[in-house]
Amino acid sequence: MLKQLSKFERTSKVLILGFVALMAVSLVLFFRPGGGTSALEPTKSSEVVASVGGDDITLGEFATQKQNIQQQFSRFGGQISLSQMGYSDDKILDGLIQRKIAVQEARRLGLEASPVEINDRIRKTFSDTAGKLTLLDSSGKLDLAKYEQRVGDVAAFERGVAEDIAHDKLEAFVAASVRVSEEDVQSEFKKKNTSFDLTYVIVSASKLAEKIQPTDDELKAYFEQHKTDYNILVPQKKIRYLFIDQDKSGQKLQITDKELHDEYDSLEPKYKQAGVKVQQIVLKVARPDLDAAVKSKADTLVAKARAGGETISEDAFADLAKGNSEDPATAKDGGRVNGVVKKDPNKPTDPYQQVLEMQPGEITDAISYKNAYYVLRRGDSVPKTFEDAKPELLVSLRNRRGYTVAQKIAQKAQDRLKETKDPQKVAQEFAAEANMNAADMVRETPFIKPGDDVPNIGNSQQFEGAVAPLNSPNDVGERTGIKNGFAVPMLVEQRQPRIPEFDEVKDKVRSAVKAEKAKNQLEQKAKDIVAAAKSPGELKAAAEKAGLETKAEANYKLATPLGEAGSSVLIDDPLFAAKAGDVMQPIFLNQNYLVIGVNKKTDADLTEYAKQRDTLMQQALTDRKNQVFGDYLTSVMTRMKQSGSIKIYQEVLDTVAEEEPQAVPPRRPQLPITK
């Protein structure tokens, strides 16, 4: 493998036989030092999880790819599961299989990466803006230590580069004949840039059900017809448990200033930042037809601000803001926004979040947001002092230590409960230590079975696991983590599988009857609203008569969420065809019916299309090529699976899920800490 960049010509074509993650960012994470590390053993496994035309994908490659994708999402804060983001194990594995297929297809078609191409790609990757290679030492030779520090495993990195090049060449070959028509591009522009002022009603079964009151006779009749639906197939258990509150246990802890200082000193520098300063220029869009003119002015200001380079000084931007910004609160102060901007993953559309990814002095392009265009300048970072951070540091440290304290108390309470079989007595013994009232420590569940939503606990696999071994009254289980603390369970009574009596499931039967009646009324109720509303202005009265409410949406554009209704082509196509003043026929969407009234329709500005034509044509062509290439890889994968050329070893794949922990202790609060 390479020892210095000047000898790339010796690189073997075997470079393209290894593994590269489907997404480029995963490639970087995989090869950089520590990027793919984990406490979980599967990342180091050489077991074969799939074979693709004779080339293997190891469990280590799969597990590392899965970790890397998870790490990408975790950067946005919170605990996000891959399944919530649509990344099932099968989908991740399919991505790796398609990557392997692309390498094999490139080899079959003679599209492998040459040493010169590999050399050029790596040089471009590690060159500065002046084109100078950044991996050289003071004598002008390759600094191998620096190279390894940047990429980790050099051989694996170079193999990945070669595969990337082969992948790109194959994509270019497959999509070479793809074309897009200007008619289609312009049509798509019109759809995306036509705006609507709407009044709409969501006709939902849950809302209709609220007003339905079935009689007891109806409920009993339904129960008799659906008795088997309510069969209880597993034992039900009533549990009395000791609850140890983590927060209250931690409140008694004494934490010194020295401990808080140590906590503060251990934070990474990026977590000692309160946020960044921001300046803004705001240009308001008084009417939809003025949007293009306002954007043009905003673009002109951006170009003027960048005339001297990528950055602009605070004073120079302040002069621009004073003369142009239409936000009176900040314009007079040179566009300076009060306070600081901090990262908030819950506000992905907030334009101020964009500055956090910029360098001091840089400005954004013109950003359209809530009937205005914003031009924002990233200022300096604002440090957070120890005194500013102290309250949150105290909460964070107390929470972590409170978890440990509560865990120890729960363990002692478990041991005593096994001895005494008396929850009340044990609660009185540990109430002071737990900083709780004894009465609050003893809780009892109704009869429950696996999968039930337990009061104060929810649907908890950990609690179910602790309860599962309990089969005789007064059996005591192991302490287990639950919401806000720990529980030590004891079995009170167990009921065997059976068909329940009507009174036991009366509430469930009532909910089912109401839901069924509401579902049957849903379509007709939506049609009744349309029949009663001859114009958008009459929708409100028609909706109120049905016990529903109307919502309004100004400047709505296709392919974007329409409030709680969501977004769908089921909305887009009929809405684009509608005219101002129309009340559209009901649209069935997400188990609800949607009735839309079009108050106003503003057609797309084709002069703006003319300005963006070349960019739009290129983007449409790129999108179409990506689609064609994706379809190509999918068809090859399907064919290879049918012929047996792709083999998936499901029992090996399943070990990744088996190794995943079901629960983690409470996470440390996200920093930086802000006022």
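Please read all numbers here as calculations on a predicted model, not as lab measurements.

In terms of regular secondary structure, the protein is built from 23 helices and 14 strands. Burial status across the protein gives 40% buried among its 675 residues. Once local pairs closer than 6 in sequence are excluded, the contacts in the protein between residues at least 24 apart make up 72%. Surface summary for the protein: the accessible area is close to 36,300 Å², and the carbon and sulfur share equals 49%.

For the pair helix 11 (residues 257-265) and helix 15 (residues 386-420), interaxial distance at closest approach is 9 Å and the crossing angle is 100 degrees. The angle between helix 11 and helix 15 places the two elements in the roughly perpendicular class. Contact residues: helix 11 offers D257, E259, L260, H261, E263 and Y264, while helix 15 offers F386, A389, K390, L393, L394, S396, L397, R400 and R401. For the contact of helix 11 with helix 15, a count of residues per class yields seven nonpolar, two polar and six charged.

Let's shift gears to the pattern of salt bridges. Under the criterion given, the structure shown has 31 salt bridges. The salt bridge involving R121 is made with D168; its shortest N-O contact spans 3.3 Å. Of this pair, R121 sits in helix 4 (residues 115-125) while D168 sits in helix 6 (residues 154-174), placing them 47 residues apart in sequence. The class for R121 is partly exposed, based on a relative accessible area of 30%.

Summing up the model confidence of the protein, the mean pLDDT is 84 and the portion of residues at 70 or higher is 88%. In the model, residues 75-79 has pLDDT below 50 throughout and makes six contacts with residues more than four positions away in sequence or in other chains. This model gives residues 658-675 a pLDDT under 50, and the stretch forms 36 contacts once residues within four places in sequence are excluded.

As a further point, take helix 12 (residues 291-305). For helix 12, built from 15 residues, the straight-helix expectation of 21 Å at 1.5 Å per residue is met to within 8% by its first-to-last C-alpha distance of 21 Å. Each element contacted by the buried residues of helix 12 is listed here: strand 5 (273-284), helix 13 (314-324), strand 7 (372-383) and helix 22 (606-643).

Note that K514 resides in helix 19 (residues 506-532). Despite its burial, K514 remains without a salt bridge, the nearest opposite charge being carried by E210 at 8.2 Å.

Here four strands make up an open sheet; going across it, the order is 11-3-13-12 and the pairing antiparallel. Sheet topology places strand 11 (550-557) and strand 12 (587-589) at the edges, where each strand pairs with a single neighbour. Adjacent strand axes in the sheet meet at a mean angle of 35 degrees, parallel and antiparallel pairs treated alike. Pairing of strand 3 (residues 195-203) with strand 11, which is carried by six bridges, proceeds in the antiparallel orientation.

Moving on: the environment of E538. Position of E538 among the secondary structure elements: in the loop between helix 19 and helix 20 (539-545). C-alpha of E538 to C-alpha of V583: the two residues are 45 residues apart in sequence and 9.5 Å apart in space. Sequence-distant contacts of E538, that is, excluding residues within four places in its chain, are made with A532 and A533. One polar contact links the side chain of E538 to the main-chain amide nitrogen of K534, over a distance of 2.8 Å.

Each value, and the rule that gives it
- Starting afresh in each chain, residues are numbered from 1 along the sequence in its written order.
- Confidence filtering applies because this is a predicted model: local features only for residues at pLDDT of at least 70, side-chain atom pairs given and counted only at 80 or more, and all residues used for totals across whole chains, interfaces and linings.
- Only hydrogens and water are set aside; all other atoms, that is, all heavy atoms of the structure, feed into the side-chain values.
- The secondary structure listing takes helices from DSSP runs of H or I that are at least 4 residues long and strands from runs of E that are at least 2 residues long, numbered from the N terminus.
- Accessibility here uses a 1.4 Å probe with only protein chains present; expressed as a share of the type maximum, an area under 20% marks a residue as buried, one over 50% as exposed, and anything in between as partly exposed.
- Throughout, a contact is declared for two residues whenever any of their heavy atoms are within 4.5 Å.
- Only the protein chains shown count as covering a residue, and every accessible area follows the Shrake-Rupley method with a 1.4 Å probe.
- Orientation is described by axes fitted as lines to C-alpha atoms, over the contacting stretch for helices, and by angles from 0 to 180 degrees between their N-to-C directions.
- In these notes the angle categories are as follows: under 35 degrees is roughly parallel, over 145 is roughly antiparallel, 65 to 115 is roughly perpendicular, and the rest is oblique.
- Each residue gets one label: Ala, Val, Leu, Ile, Met, Phe, Trp, Tyr, Cys and Pro are nonpolar, Asp, Glu, Lys and Arg are charged, and the others, such as Gly, are polar.
- Only one rule defines a salt bridge in this text: a Lys or Arg side-chain nitrogen within 4 Å of an Asp or Glu carboxyl oxygen.
- pLDDT is a residue-level measure of predictor confidence that goes from 0 to 100.
- A helix is expected to span 1.5 Å for every residue after the first.
- Positive charge is attributed to Lys and Arg, negative charge to Asp and Glu, and no charge count is given to His or to the chain ends.
- Pairing between strands is defined by DSSP: at least two bridges between them are needed.
- In protein, a polar contact means a hydrogen-donor-capable atom and an acceptor-capable atom, both N or O and within 3.5 Å, with residues adjacent in sequence counting only if both atoms are side-chain atoms; elsewhere, any N or O pair within 3.5 Å suffices.

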